[in-house]
There are 4 protein chains.
Amino acid sequence: MTQQKAPVLAPEPDVVQWFNSDAPVTLAGLRGKVVVLHAFQMLCPGCVSKALPQMQKVHEVFPEEHVAVVGLHTVFEHHDAMTPVSLEAFIHEYRLTHPIGVDRPGEGDVFPSTMRTYGFRGTPSLVLIDRRGFIRHHSFGAVEDLVLGATIANIAAEGP
Amino acid sequence: MTQQKAPVLAPEPDVVQWFNSDAPVTLAGLRGKVVVLHAFQMLCPGCVSKALPQMQKVHEVFPEEHVAVVGLHTVFEHHDAMTPVSLEAFIHEYRLTHPIGVDRPGEGDVFPSTMRTYGFRGTPSLVLIDRRGFIRHHSFGAVEDLVLGATIANIAAEGP
Amino acid sequence: MTQQKAPVLAPEPDVVQWFNSDAPVTLAGLRGKVVVLHAFQMLCPGCVSKALPQMQKVHEVFPEEHVAVVGLHTVFEHHDAMTPVSLEAFIHEYRLTHPIGVDRPGEGDVFPSTMRTYGFRGTPSLVLIDRRGFIRHHSFGAVEDLVLGATIANIAAEGP
Amino acid sequence: MTQQKAPVLAPEPDVVQWFNSDAPVTLAGLRGKVVVLHAFQMLCPGCVSKALPQMQKVHEVFPEEHVAVVGLHTVFEHHDAMTPVSLEAFIHEYRLTHPIGVDRPGEGDVFPSTMRTYGFRGTPSLVLIDRRGFIRHHSFGAVEDLVLGATIANIAAEGP
């Protein structure tokens, strides 16, 4: 896991629809908490078998007053196959209970808006944001539970 | 694994669209082979994590002149979420290469046609059909690899 | 899985002590059954995590009037560490209930007697013997459950 | 994971022989680091399949200037089967590279000395000791990687 050198304030996700949240979720509104922001696609096998169960477990293990898990459905392939209607059923069947936003589709661009802003290389991607809103970790692919737990705890331990 | 007592000829699946097959697949056309017929839904977690990898492995391990694996997408919930468009992307992403048919949607019925005919209790379901076309095994849920391998081999060993 | 070309009668194991059997186990005494003969060492990680649970499952899944599972503790390294006293505790802790014999230590030879006779390349090794006592399969390393189940069933289906 | 209420200074292990360490390991000598002290038996299936790989991973993932992993072979059953000779081969075959001490056998007591002192209920057991030498966590059985990583990081983050 690598950390960014210069402190970069995490940009707000550009989301068209939220699941598991009555109101839109914003990073500004989560200031004071560590935010575990993850990008996935519902038909990405590595997301389904590894990353999503891990994110859901992070959501369940860490106290929500300190750590917030936020998912982003960043569809950049098979757009017709992974609509919000399909995503909603997926979230239900896989018992995901943390907030998940649908990344805004690109206009004339296969990549959706937030994926483009953050420069995600694919799915699954993971961003850890500290309590003041700065990006502290940005990775593509699988992360070990042991390492992820320690990294989140380290960022959380810094305090506000 | 239980076997049916009375010999029942396996009814033909009622399929509206095939993937991984240029022509419609029929049990009549597969007479002489053992047919491993399995029913799944692309948003059924147990199908995705266990049954589908197992079925694909059966397809790869057993010689195709003796054993044919045929999948049925039997959608009985979240109908709008599991359309053939989504299924096609799913099949591609999960690298499934055996023939998969879309079970005909029921008219005024949440259960699709073949699911109704066979009396599948849910997904995943598994039917083993002998070389003469008779149903020899019918189960709902997971089956161990060791038991499945032996059961298929036993039916195959009977000869034509 | 490969099969030997010329029919070779399986030699009797040369065993100094049996566990899970009141009397010595002989292949002659098992004629009429398929014999699943496997060689392991109690401190071989691949044996402990994969091969032994698989062998125990074969023992539980297949009817004992048709298939007999016989283990051989073929110690060829760390001889002082894997004595029968340690093996007995190992068998108890890992809940192994099929017959297991201690391969006779070689005189002035790190390899034990039966390992030498069969030409085992290491552990785990697997030998399948048909109902008439002939070797039908001989392999070193892991075998998939699906393939193993089918192979045993095929040999069993030949009848006496 | 629970934490002890009153601060208890971790007692020194009572060890008769060390592996993977040229000199005896003492908690006093590790003051300033978080110590991950774990108790196991080489013939305990849950230790072999879960706890030991996890402890070895902790040893590899956390920087050794902050976190020290120390194993204790606390034999309380099958004493003749789990001698230091067998343990040495076990450590070699399972590629364990962190320091492991042999808990001093009890005199007229099935339980070894350190196990008795710490009140371990069985194996695997886990004790986390902070940089000042106080016990912060004490548990019996499996701990999730995500939780363990976070707990170690939290204790480490307190500083000296």
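Preceding this paragraph is the structure being described.
Residues numbered from 1 in each chain as written. Chains lettered and ligands numbered in written order. Predicted model: local features only at pLDDT ≥ 70, side-chain atom pairs only at ≥ 80, totals over all residues. Heavy atoms only, no water.

Some words on the pairing of strand S4 (residues 100–103) of chain A
All names here are of chain A.
Okay, so step 1: Along S4, one buried face is formed by Ile100 and Val102 and the opposite face, lined by Gly101 and Asp103, is buried too.
Okay, so step 2: Note that strand S1 (residues 15–19) and S4 share four bridges and pair antiparallel. Among the inter-strand pairings, Phe19 is bridged to a residue of S4, identified as Ile100.
Okay, so step 3: The sheet contact formed by strand S3 (residues 67–73) and S4 spans three bridges and is parallel. (Buried < 20%, exposed > 50% of the residue type's maximum accessible area, 1.4 Å probe, protein only. Helix = DSSP H or I, 4+ residues; strand = E, 2+ residues; numbered from the N terminus. Pairing = 2+ DSSP bridges.)

Quick look at the interface of chain B and chain A
Okay, so step 1: Between chain B and chain A, the contact holds 16 residues from the first and 16 residues from the second.
Okay, so step 2: Together, Leu43, Glu93 and Tyr94 of chain B form the three largest contributors to the area buried by chain B at its contact with chain A, with a combined 38%.
Okay, so step 3: One can count zero salt bridges joining chain B with chain A.
Okay, so step 4: Our count for the chain B to chain A interface comes out at four residue pairs in polar contact (both at pLDDT 80 or more).
Okay, so step 5: For the side of chain B that touches chain A, the secondary-structure elements that each account for two or more residues are helix H1 (45–61) and helix H2 (84–93) of chain B.
Okay, so step 6: At six residues, the largest contribution of residues to the side of chain B that touches chain A is made by H2 of chain B.
Okay, so step 7: Counted by class, the side of chain B that touches chain A contains ten nonpolar, three polar and three charged residues. (Contact = heavy atoms within 4.5 Å. Buried area = accessible area lost by both parts, 1.4 Å probe. Salt bridge = Lys/Arg side-chain N within 4 Å of Asp/Glu carboxyl O. Polar contact = N/O pair within 3.5 Å; in protein donor to acceptor, adjacent residues only side chain to side chain. Nonpolar A, V, L, I, M, F, W, Y, C, P; charged D, E, K, R; others polar.)

Re the arrangement of the chains
Okay, so step 1: There is a gap between chain A and chain C: no contact, and a shortest C-alpha distance of 21 Å.
Okay, so step 2: When C-alpha atoms are compared, chain B and chain D, though not in contact, are closest at a spacing of 21 Å.

Some points on H1 of chain B
Since the α-helix turns once every 3.6 residues, residues separated by three or four places project in the same direction.
Residues and elements named next belong to chain B.
Okay, so step 1: Here H1 spans 24 Å end to end across 17 residues, near enough to the 24 Å set by a 1.5 Å rise per residue.
Okay, so step 2: Where H1 bends most, at Ala51, the angle is about 40°, and the proline Pro53 comes one to four residues later.
Okay, so step 3: Those residues of H1 lying buried are Cys47, Val48, Ala51, Leu52, Gln54, Met55, Gln56 and Val58. (Expected span 1.5 Å × (residues − 1). Bend = angle between axes of the 7 residues up to and from the residue.)

Some details on the packing of aromatic side chains
Okay, so step 1: Using the criterion set out here, one finds 16 aromatic pairs over all chains in the structure.
Okay, so step 2: Consider the rings of Phe76 of chain D and Phe111 of chain D, whose centres lie 5.8 Å apart with planes at 20°: the pair is stacked. Within this pair, whereas Phe76 of chain D is found in the loop between strand S4 (67–73) and helix H2 (84–93), its partner Phe111 of chain D is found in the loop between strand S5 (100–103) and helix H3 (113–118), the two being separated by 35 residues in sequence.
Okay, so step 3: Taking the relative accessible area as the measure of exposure, Phe76 of chain D reaches 19% and is therefore buried.
Okay, so step 4: In this structure Phe111 of chain D comes out as partly exposed when scored by relative accessible area, which is 29%.
Okay, so step 5: Among the aromatic residues, those joined into a ring-pair cluster are Phe40, Phe90 and Tyr94 of chain A. (Phe/Tyr/Trp six-rings, centres within 6.5 Å; stacked < 30°, edge-to-face > 60°.)

So, helix H4 (residues 145–157) of chain B
All names here are of chain B.
Okay, so step 1: Between its first and last C-alpha atoms H4 spans 18 Å; for 13 residues at 1.5 Å apiece the expected length is 18 Å, and the two agree.
Okay, so step 2: Judged by how many residues are buried, H4 sits mostly within the fold: eleven of 13 residues are covered.
Okay, so step 3: Looking only at H4, the buried set comprises Asp145, Leu146, Val147, Leu148, Gly149, Ala150, Thr151, Ile152, Ala153, Ile155 and Ala156.
Okay, so step 4: Just beyond H4, the residue with positive phi is Gly159, at close to 80°.

Structural notes on empty space enclosed by the protein
Residue and element names in this part refer to chain D.
Okay, so step 1: Summed over all chains, the structure comprises five cavities of 30 Å³ or more.
Okay, so step 2: Reported here for the largest cavity is a volume of approximately 60 Å³.
Okay, so step 3: The wall of the largest cavity is formed by His38, Ala51, Gln54, Met55, Pro124, Ser125, Leu126, Gly141, Ala142 and Val143.
Okay, so step 4: Breaking the lining of the largest cavity down by element, the ones donating at least two residues are helix H1 (45–61) and strand S6 (125–129).
Okay, so step 5: Among the elements that take part in the lining of the largest cavity, H1 stands out by supplying three residues, more than any other.
Okay, so step 6: A per-class count over the lining of the largest cavity returns six nonpolar, four polar and no charged. (1 Å grid on protein atoms, 1.4 Å probe; cavity = no way out; pocket = protein on both sides within 12 Å on 5 of 7 lines; lining within 4 Å. Points joined across faces, edges and corners; volume = space filled by probe spheres on them.)

Observations concerning the interface of chain C and chain D
Okay, so step 1: Counting residues at the interface gives 16 residues for chain C and 16 residues for chain D.
Okay, so step 2: Contact between chain C and chain D buries roughly 1300 Å² in total, counting both sides, with carbon and sulfur atoms accounting for 65%.
Okay, so step 3: Together, Leu43, Glu93 and Tyr94 of chain C form the three largest contributors to the area buried by chain C at its contact with chain D, with a combined 38%.
Okay, so step 4: Where chain C packs against chain D, one counts zero salt bridges.
Okay, so step 5: Counting the contacts that link chain C with chain D gives four residue pairs in polar contact (both at pLDDT 80 or more).
Okay, so step 6: Within the residue set of the side of chain C that touches chain D, elements represented by two or more residues are helix H1 (45–61) and helix H2 (84–93) of chain C.
Okay, so step 7: Sort the elements by how many residues they give to the side of chain C that touches chain D and H2 of chain C lands first, with six residues.
Okay, so step 8: In the side of chain C that touches chain D, the residues fall into ten nonpolar, three polar and three charged.

What about the packing of H4 of chain B against helix H4 (residues 145–157) of chain C?
Okay, so step 1: Running from N to C, H4 of chain B and H4 of chain C point in directions that differ by 35°, and their axes come no closer than 7 Å. The interaxial crossing formed by H4 of chain B with H4 of chain C has right-handed handedness. Contacts between H4 of chain B and H4 of chain C involve Asp145, Leu146, Leu148, Gly149, Ala150, Ala153, Asn154 and Ala157 of chain B from the first element and Asp145, Leu146, Leu148, Gly149, Ala150, Ala153, Asn154 and Ala157 of chain C from the second.
Okay, so step 2: For the contact of H4 of chain B with H4 of chain C, the residue count by class is ten nonpolar, four polar and two charged. (Axes fitted to C-alpha atoms, helices over the stretch in contact; angles between N-to-C directions. Left-handed = near helix turned anticlockwise from the far one by under 90°.)

Description of the relation of the copies chain C and chain D
Okay, so step 1: For the pair chain C and chain D, the superposition axis carries a translation of 0.0 Å, the fit reaches an RMSD of 0.0 Å, and the rotation angle comes to 180°. Each copy turns onto its partner about a two-fold axis. When C-alpha positions in chain C are compared against the rotation axis, the closest is assigned to Ser49 of chain C, at 3.7 Å.
Okay, so step 2: In this assembly the copies share their binding face: 100% of the residues contributing to the interface of chain C also contribute to that of chain D. (Least-squares fit on C-alpha atoms with pLDDT ≥ 70 in both.)

Things to note about the relation of the copies chain B and chain A
Okay, so step 1: Mapping chain B onto chain A calls for a rotation angle of 180° and an axial translation of 0.0 Å; the resulting RMSD is 0.0 Å.
Okay, so step 2: Taken as a fraction of all interface residues of chain B, those also at the interface in chain A reach 100%, which identifies the copy contact as same-surface.

Observations regarding the state of the cysteines
Such a bond, covalent and formed between the sulfur atoms of two cysteines, is termed a disulfide.
All names here are of chain B.
Okay, so step 1: Scanning the entire structure with this criterion turns up four disulfides over all chains.
Okay, so step 2: Put simply, Cys44 and Cys47 are joined by a disulfide, and their sulfur atoms are 2.4 Å apart. Looking down the S-S bond of the Cys44 and Cys47 bridge, the torsion is 80°, so its handedness is right-handed. The burial state of Cys44 is the same as that of Cys47; both residues are buried. (Disulfide = S-S within 2.5 Å.)

Things to note about the sheet that holds strand S4 (residues 100–103) of chain B
All names here are of chain B.
Okay, so step 1: Here six strands make up an open sheet; going across it, the order is S1-S4-S3-S2-S5-S6 and the pairing mixed. Each edge of the open sheet is held by one strand with a lone partner, namely strand S1 (15–19) and strand S6 (135–140). Shown here is a sheet whose adjacent strand axes are inclined to one another by a mean of 20°, direction ignored.
Okay, so step 2: Together, S1, strand S2 (34–40), strand S3 (67–73) and S4 form the strand contacts of H2, whose direction differs from that of S1 by roughly 25°.

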